[in-house]
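# Summary of structural features
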Amino acid sequence: MEFPQQQKPVADGKIIYPLGVKEITDKISNDEVVKRLKLVVKTYMDMDQDSEEEKQQYLALALHLASEFFLRNPNKDVRLLVACCLADIFRIYAPEAPYTSHDKLKEIFLFITRQLKGLEDTKSPQFNRYFYLLENLAWVKSYNICFELEDCNEIFIQLFKTLFSVINNSHNQKVQMHMLDLMSSIIMEGDGVTQELLDTILINLIPAHKNLNKQAYDLAKTLLKRTVQTIETCIASFFNQVLVMGKSSVSDLSEHVFDLIQELFAIDPMLLVSVMPQLEFKLKSNDGEERLAVVKLLAKLFGAKDSELATQNRPLWQCFLGRFNDIHVPVRLECVKFASHCLMNHPDLAKDLTEYLKVRSHDPEEAIRHDVIVTIINAGKKDLNLVNDQLLGFVRERMLDKRWRVRKEAMMGLAQLYKKYCLHHEAGKESAQKISWIKDKLLHIYYQNSIDDKLLVEKIFAQFMVPHSLETEEKMKCLYYLYACLDTNAVKALNEMWKCQNMLRGLVRELLDLHKLPTSEANTTAMFGKLMTIAKNLPDPGKAQDFMKKFNQVLGEDEKLRLQLEQLISPTCSCKQAEQCVREITRKLTYPKQPTNPFLEMVKFLLERIAPVHIDSEAISALVKLLNKSVEGTADDDDEGVTPDAAIRAGLELLKVLSFTHPTAFHSAETYESLLQCLKMEDDKVAEAAIQIFRNTGQKIESELPQIRSTLIPILHQKAKRGTPHQAKQAVHCIHAIFHNKEVQLAQIFEVQAIKLLVRWLLGMKNNQSKSANSTLRLLSAMLVSEGDLTEQKKICKSDMSRLRLAAGSAILKLAQEPCYHDIITPEQFQLCGLVINDECYQVRQIFAQKLHVALVKLLLPLEYMAVFALCAKDPVKERRAHARQCLLKNISVRREYIKQNPMAHEKLLSLLPEYVVPYMIHLLAHDPDFTKPQEFEQLRDIKECLWFMLEVLMTKNENNSHSFLRKMVENIKQTKDAQAPDDPKANEKLYIVCDVALFVITNKSTSCHLDSPKDPVLPTKFFTPPDKVISTTPLQTGVLGAVNKPLTVQTVRRQYTKTTVSDTASNTSANSQPISPATTKNRYGPVMYRPCGVQYECVFTSFIFIFLHLPQEEAASPAQGSGRKRGAPASDGTENSLATNPVPGSQPPLNKPRRGRPPKNAAATANAEKEVTATTGVGAGRGRKRAAPSQDTTSTASAEPISGKIPKQQKDIDSKRAGQQRQIDLQR
């Protein structure tokens, strides 16, 4: 096609087209029009404002393009191209448009505005031209020409509506920017914004439109932010007319005024600077609904997250707070609801809200009190720091509200807070500590009479405090430390809750038992009673009765359902089995066609109460392990905020309560072993709780757990005798509940306590005017003679007999400490008491020796009782002999030190000087029940060892010529008779023989005993008669003297014995004799034996010499090495009793012993090392006075170990290896 040359404009207004463009008329096709217009568009696009010649040349064309043909062309492509041309024409001819007619301009801009609708479809092929049109208009601000038109508002309204309608999410940022530029220029450069134009903007903020076109809302929001300074006055005018003047007709948006205020405030609070004071006026309106609307609005404004309205406009804020006390209920309700958002978004305003919420928490309207709780709880769940203690206190008070709905909300809300912050520790320890009171207050509600409250507490406990969905270990850890942290009332409430649940399980069990019986009127009546009682423990007892009757009917018809329910309430049902049973029962009672089933809901209430969702055997085992960790110090007690002692005490209390409700769950050896450890703890409360647990759960211990039984019995006996009154009471109850031979068990305890009661009574009286002490001493003596079995019916087990012997011996020691009773203790009673130290039971010997030592060290017992330690030389246990030797050393040291430091003590030397123990020792040994044949080698050797045991300690030092004093004392005894049996030749013979042995021990021990003793020793008249006036000095036979004078191998140089004269002997009348320094005159002493006239005992003396001649050289040489040794003693019968041992199957019964405090001498079995078990536990197989086999180590000596009643570990090891050979005695049978 040939394009004509460019034509110049002519005066007649002929249209000149760009080069290559033919005339565009209505006679050509639309396609041709489009083709030619594209060239025109390109031409205008390339032109700029400085092309004056071209502007003049195409002026006619510009006018032609605004003709009706183009503006009303039905083809949209033609219209689009024409619009682009017109936009460029406005750009090129700016600031003056080539169109001078106002009508034409209006028509043109309306035409262009309509074309902008094409922006809606971003996928259209022509979208780029539409975008070019928008961009051109925005850049040139072409619409500003319309300001000169009278009805420009119509054009702007149409433009704004078009742009807000076409914007969508497919547009990019440039499209939105150009739209904003176009609209903001109209608003900011115009004289003002009319209400109609403002409505086109604000309508996009209304929630309905906002939800329809989010992009239009965003465009309007951005536009308002950009034009806030200009448009604020227009907005203020609009709200002033609507709010203050009440002219709702000024705009169709008047009914949405509060929504608009909220949106505008969210966009920019500056848009409402002049509007807010108007709201304060509306808050005081007489119309309740109007106040409600304003309150709702301001609640949103004040509660907005970034809102500073409360700070910036304090008068409005205070006016708003006043609406909390509005007379209109919905207004108060709305204010309370607002408080939740305000607390969460503005914690700084919590102080202002607290007082108003306090008032509303006591509002007469239930709904308002309920919403106060919801407000506080919601804020607390978001962040506990948002609610202060006062606000939480309001919720705590509402747990006691008169309305169930309010109480329930308060309790559930606090439970949720507890689980979130205390159980899961989502905000640290400080937050948990802040609300630590919740657990106690929730459980306190269980004291309320309402069954609904009780059921809710149980539900809260199972779901929030100790969630049953947790694993067993974690669940029990929660329960363990929860129980330790509860206050006293909360603990009682929790205990009551478990008891009520257990009671309800018992009722259901009884109901099921009635179903197993044949149908009868009595059975039906009993069943009805059970149903009524069960219904009282469910919500709405009236309806519950009907539902329980129906449930009972179903149980009677469905055997499988009964079996499921029986398993659920079975003592052996585990938590997992319980959950499964509940699901099965619920499934059977569910009817799919019924959306709501009140009957099923009531049954669920029952199942929730009786199902053991927390406690079973596994749970008890986990609790016991936690308790063990606390005892061992390996638990996380401190991390949980509990001290180890408090955790142990609370853990045992918890187990004690559970032992009432779930006794079967405790029956395992592991559980009982842990409880036994708790029984040994010093804490009285802990031990008492452990005893009660055994009492409640130990019915099968005797038959199924014999090891636990044997350990438990002595501990219970000890608690019954030495524990606190509560422990003693519980121990007696425990024995009665667990053991079949309870009479025997309890009799032993009561006998021991009776002995203590008598002794304490006598000690309190401190006189014997009623002769009660005499009868008491006779009773104690009889008990020792009968070996603890006063009735001699052999119904008491050996352990109980041992305890009774120990109690009797200890009682005599107690009475002997009081002078008025010591004087009436006969020598026979003294001897019986002393022989307890050689008892066949190891623990009896151990405890008695310790009591004796303590009393002697404190100088409470007379000196004669120190002689009892000489009998310890016969103890078969090396450690016991060593202990006795240490006791002697300590007592002698204490007495000598006391004499040195107290000058007045010299007047009481007879009762203080250690050497004065020798007469008592000699008399005691002369009446030793084992010393029956003075001529027998074995018995004489035992006497020698006992004397050696005491004298070796006394003669360690020769202070003040004490050795000669001892010799003189023994010689003086030989001039007397036995005061206990002065006319008995055999008794006197044994006394003199013991004296002979003592003289030889002294002379072999000391080289200076031959020196003079200027003072005569004083002998106790209670044990020895005054000396005989006629003394026989007939020398011994030559053969005997030769044997006596035969030299012995010793370490020290010994002088040859010389004969002493009668003048060297002492009388029994001197009261102040004591060992002193040797005198200047010295006599030679020889082995001449003094004796009463007429007594012939040379043969006995010869036997004694034979003993010394046959002593090993080491023993004769070194006194220190021989102390405490047992040599070649005949074995006892091997049946020594112990405080708590078990019989070995197949063992032979013990041999019958004579009635004295020690076993017989003529035993046949070989002595084994005895096994030590501590006296506190009473467990062991210690033997009595046994004759041990000769020691392998002949040079060993008793070590100076601390005074203790324990056997070293080495001895235990030896005993354990020989345990199979030893006979054990069951002391609990």
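Residues numbered from 1 in each chain as written. Predicted model: local features only at pLDDT ≥ 70, side-chain atom pairs only at ≥ 80, totals over all residues. Heavy atoms only, no water.

This part takes up the overall build of the chain. Across its full length, the chain carries 56 helices and two strands. Burial statistics for the chain: of 1229 residues in total, 55% are counted as buried. Relative to all contacts within the chain whose residues are 6 or more apart in sequence, the contacts with residues 24 or more apart total 75%. Accessible surface, the chain: about 54300 Å² in total, of which carbon and sulfur atoms supply 51%. (Helix = DSSP H or I, 4+ residues; strand = E, 2+ residues; numbered from the N terminus. Buried < 20%, exposed > 50% of the residue type's maximum accessible area, 1.4 Å probe, protein only. Contact = heavy atoms within 4.5 Å. Areas by Shrake-Rupley, 256 points an atom, 1.4 Å probe, with all protein chains shown as cover.)

To continue, consider the confidence of the model for the chain. When pLDDT is averaged along the chain, the result is 79, and 81% of the positions lie at 70 or above. Between the elements of the chain, mean pLDDT differs from a low of 31, seen in helix 53 (residues 1038–1044), to a high of 95, seen in helix 25 (residues 438–444). When the criterion is pLDDT under 50, residues 1–12 qualifies, and its contacts beyond four places in sequence or with other chains add up to 17 contacts. Taken as a whole, residues 1030–1229 scores under 50 in pLDDT and shows 493 contacts with residues more than four places along the chain or in a different chain. (pLDDT = per-residue confidence, 0-100.)

Quick look at unusual backbone geometry now. Backbone phi values are negative for most residues with the exception of glycine, while trans is the configuration of most peptide bonds. You will see that His425, though not glycine, has its phi angle at about 50°, which is positive. Looking at the secondary structure, you find His425 in the loop between helix 23 (404–423) and helix 24 (428–434). Look at His425 and you get partly exposed, because its relative accessible area is 42%. Even without being glycine, Glu787 reaches a positive phi, approximately 60°. Position of Glu787 relative to the elements: it lies in the loop between helix 42 (772–785) and helix 43 (798–816).

Per the counting criterion, the structure on display carries 42 salt bridges. The residue Arg36 makes a salt bridge to Glu32 at a minimum N-O spacing of 2.9 Å. Of this pair, Arg36 and Glu32 both sit in helix 1 (residues 30–46), separated by four residues, roughly a single helical turn. Among the residues examined, Arg36 registers a relative accessible area of 11% and is labelled buried. Asp875 is the partner of Arg845 in a salt bridge, and the nearest nitrogen-oxygen pair spans 2.8 Å. Here Asp875 lies in the loop between helix 46 (842–857) and helix 47 (878–901) and Arg845 lies in helix 46, a separation of 30 residues in the sequence. (Salt bridge = Lys/Arg side-chain N within 4 Å of Asp/Glu carboxyl O.)

By secondary structure assignment, the location of Phe464 is in helix 26 (residues 451–465). Residue Phe464 is classed as buried on the basis of its relative accessible area of 11%. For the pair Phe464 and Leu423, spaced 41 residues apart in the sequence, the C-alpha separation amounts to 8.3 Å. When residues no more than four places from it in sequence are discounted, the contact partners of Phe464 are Met412, Ala415, Gln416, Tyr418, Lys419 and Leu423.

Our next topic: the packing of helix 35 (residues 644–661) against helix 37 (residues 684–697). Closest axis-to-axis distance for the helix 35/helix 37 pair is 9 Å, and the angle between their directions is 20°. Considering the angle they form, helix 35 stands roughly parallel to helix 37. In terms of crossing hand, the pair formed by helix 35 and helix 37 is left-handed. Contact with helix 35, carried on its side by Ile648, Arg649, Leu652, Glu653, Leu655, Lys656, Ser659 and Phe660, involves Lys685, Val686, Ala689, Ala690, Gln692, Ile693, Asn696 and Thr697 of helix 37 and no other residues of that element. When its residues are assigned to classes, the contact of helix 35 with helix 37 shows eight nonpolar, four polar and four charged. (Axes fitted to C-alpha atoms, helices over the stretch in contact; angles between N-to-C directions. Parallel < 35°, antiparallel > 145°, perpendicular 65-115°, else oblique. Left-handed = near helix turned anticlockwise from the far one by under 90°. Nonpolar A, V, L, I, M, F, W, Y, C, P; charged D, E, K, R; others polar.)

Looking now at the packing of aromatic side chains. Evaluation of the coordinates by the stated rule reveals 23 aromatic pairs. With 6.5 Å between their ring centres and 65° between their planes, Phe160 and Phe164 make a pair best called edge-to-face. Remark: Phe164 and Phe160 occur in helix 8 (residues 152–166); sequence separation between them is four residues, near one turn of the helix. Taken as a pair, Phe160 and Phe164 share a single burial class, namely buried. In textbook terms, an aromatic cluster arises when at least three aromatic residues are bridged by ring pairs, as seen for Phe302, Trp317, Phe320, Phe324, Phe338 and Tyr356. Lys210 extends its terminal NZ or CZ atom over the ring of Tyr217, reaching a point 4.6 Å from the ring centre. Note that Lys454 overlies the ring of Tyr446, its terminal NZ or CZ placed 4.7 Å from the centroid. (Phe/Tyr/Trp six-rings, centres within 6.5 Å; stacked < 30°, edge-to-face > 60°. Lys NZ or Arg CZ within 6 Å of the ring centre and 35° of its normal.)

Contact pair helix 31 (residues 559–569) / helix 32 (residues 575–588): the axes reach a minimum separation of 9 Å and the direction vectors enclose 155°. Taken as axis vectors, helix 31 and helix 32 run roughly antiparallel relative to one another. Like other packed secondary-structure pairs, helix 31 and helix 32 cross with a definite hand, here left-handed. Mapping the contact onto sequence places Lys560, Leu561, Gln564, Leu565, Gln567 and Leu568 in helix 31 and Gln577, Ala578, Cys581, Val582, Glu584, Ile585 and Lys588 in helix 32. Across the contact of helix 31 with helix 32, the residue classes tally to seven nonpolar, three polar and three charged.

Where like charges cluster on the molecular surface, the negative patch consists of Asp48, Asp50, Glu53 and Glu54. Of note, Asp50 is situated in the loop between helix 1 and helix 2 (52–57). Since its relative accessible area comes to 70%, Asp50 is described here as exposed. (Patch = residues over 30% accessible without salt bridge, like charges linked within 9 Å, V, L, I, M, F, W, Y side chains within 5 Å. Lys, Arg positive; Asp, Glu negative; His and termini not counted. Charge placed at Lys NZ, Arg CZ, Asp CG, Glu CD.)

Moving on to a positive patch on the surface. A surface patch of like charges, here positive, comprises Arg722, Arg760, Lys814, Lys851 and Lys858. With respect to the secondary-structure elements, Arg722 resides in helix 39 (residues 706–722).

By size, the foremost hydrophobic cluster in this structure holds 231 residues, and its most contacted members are Tyr44, Leu86, Tyr143, Phe239, Ile261 and Phe694. The element best represented in this core is helix 5 (residues 76–92), accounting for 12 residues. Each residue touching Phe239, except ones within four places of it in the same chain, is listed here: Val244, Val257, Leu260, Ile261, Leu264, Leu272, Val275 and Gln278. Counting residues in hydrophobic clusters, the runner-up holds 95 residues, among them Ile755, Phe931, Leu966 and Ile993. (Core = buried A, V, L, I, M, F, W, Y, C linked by side-chain atoms within 4.5 Å.)

This part covers helix 27 (residues 472–485). Count 3.6 residues to each turn of an α-helix, and residues three or four apart come out pointing the same way. In this model helix 27 runs 20 Å from its N-terminal to its C-terminal C-alpha over 14 residues, within 8% of the 20 Å that 1.5 Å per residue would give. A large share of helix 27 lies buried, amounting to 10 of its 14 residues. Looking only at helix 27, the buried set comprises Thr472, Lys475, Met476, Cys478, Leu479, Tyr480, Tyr481, Leu482, Tyr483 and Ala484. (Expected span 1.5 Å × (residues − 1).)

Turning our attention to the environment of His362. With respect to the secondary-structure elements, His362 resides in the loop between helix 20 (350–360) and helix 21 (366–382). With relative accessibility at 46%, the residue His362 sits in the partly exposed group. With 10 residues separating them along the chain, His362 and Val372 place their C-alpha atoms 9.5 Å apart. If sequence neighbours within four positions are ignored, His362 has contacts with Arg369, Glu397 and Arg398. Of note is the side chain of His362, whose polar atom sits 3.1 Å from the side chain of Ser361. (Polar contact = N/O pair within 3.5 Å; in protein donor to acceptor, adjacent residues only side chain to side chain.)

Now for the environment of Thr661. Structurally, Thr661 can be placed in helix 35. Spatially, the C-alpha atoms of Thr661 and Thr697 are 10.0 Å apart, while their sequence positions differ by 36 residues. Not counting residues within four places of it along the chain, the set of residues in contact with Thr661 comprises Trp498, Lys499, Asn502 and Arg505.

Here Asp199 lies in helix 10 (residues 195–202). Of the side chains bearing the opposite charge, Lys161 lies closest to the buried Asp199, which forms no salt bridge; the N-O distance is 9.0 Å. Within the structure, the side chain of Asp199 is placed 2.8 Å from the side chain of Ser251, a separation counted as a polar contact. Sequence-distant contacts of Asp199, defined by excluding residues within four places in its chain, comprise Ser251, Asp252 and Leu253.

On the surface, Leu758, Trp761, Leu779 and Leu790 cluster together into a nonpolar patch covering about 330 Å² of accessible area. Residue placement: Trp761 occurs in helix 41 (residues 742–765).

Let us now look at the side chain of His178. Mapped onto the elements of the fold, His178 is located in helix 9 (residues 173–189). When sequence neighbours within four positions are dropped, the list of residues in contact with His178 reads Phe131, Leu134, Glu135 and Ala138.

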